[in-house]
Amino acid sequence: MSKDKIPKLFDGSVNELTRPSRPRKKDEKGAVKSKDMKKEKMQKTLYISRDMNRKLIELYGEEGRRQSIIVEDAVNLYYYLRMALGEKKFEELLSAVRREDPEFLRDYLGRFKL
């Protein structure tokens, strides 16, 4: 096999491939800034039931958004509702959601004063 037939995969040097990435911005205390942390992509492993997967696909189809954005919205909603309502009220809300009855949930949420 001649040298001309070997495909070229990378035009740069080995040094370019092994060069360390730019360091992340740090604040005065030496911690990485939270803005940078929000933008940083992380690999996610999400184990969900088939029913949950069906609901996620349905939402994805209705909203035309990436599934990762829908999951992030759901996590934010869960997190901030839990903080805002407190443990007891949040558990009541979750039990209403678990009934999977939109009318019951609508009536239940109607009792909250926002």
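Going by the structure above, here's the rest.
Keep in mind the model is a prediction, meaning the values are calculated, not measured.

Draft legend 1. Representation of the environment of S95 in the model. Checked against the element boundaries, S95 lands in helix α5 (residues 87-98). Given a relative accessible area of 39%, S95 falls into the partly exposed group. In terms of polar contacts, S95 uses its side chain to reach the backbone carbonyl oxygen of E92, at 2.7 Å.

Draft legend 2. Quick look at the layout of surface pockets. A volume near 1300 Å³ is recorded for the largest pocket. Lining of the largest pocket is provided by 28 residues; of these, M52, L59, A74, L77 and V97 occupy positions nearest its centre. Broken down by secondary-structure element, the contributors of at least two residues to the lining of the largest pocket are α3 (50-63), α4 (67-85), α5 and α6 (102-110). Take the lining of the largest pocket: its biggest share by element is 9 residues, from α4. Taken together, the residues of the lining of the largest pocket sort by class into 21 nonpolar, no polar and 7 charged.

About the thresholds
- Residues numbered from 1 in each chain as written.
- Predicted model: local features only at pLDDT ≥ 70, side-chain atom pairs only at ≥ 80, totals over all residues.
- Heavy atoms only, no water.
- Helix = DSSP H or I, 4+ residues; strand = E, 2+ residues; numbered from the N terminus.
- Buried < 20%, exposed > 50% of the residue type's maximum accessible area, 1.4 Å probe, protein only.
- Polar contact = N/O pair within 3.5 Å; in protein donor to acceptor, adjacent residues only side chain to side chain.
- 1 Å grid on protein atoms, 1.4 Å probe; cavity = no way out; pocket = protein on both sides within 12 Å on 5 of 7 lines; lining within 4 Å.
- Points joined across faces, edges and corners; volume = space filled by probe spheres on them.
- Nonpolar A, V, L, I, M, F, W, Y, C, P; charged D, E, K, R; others polar.

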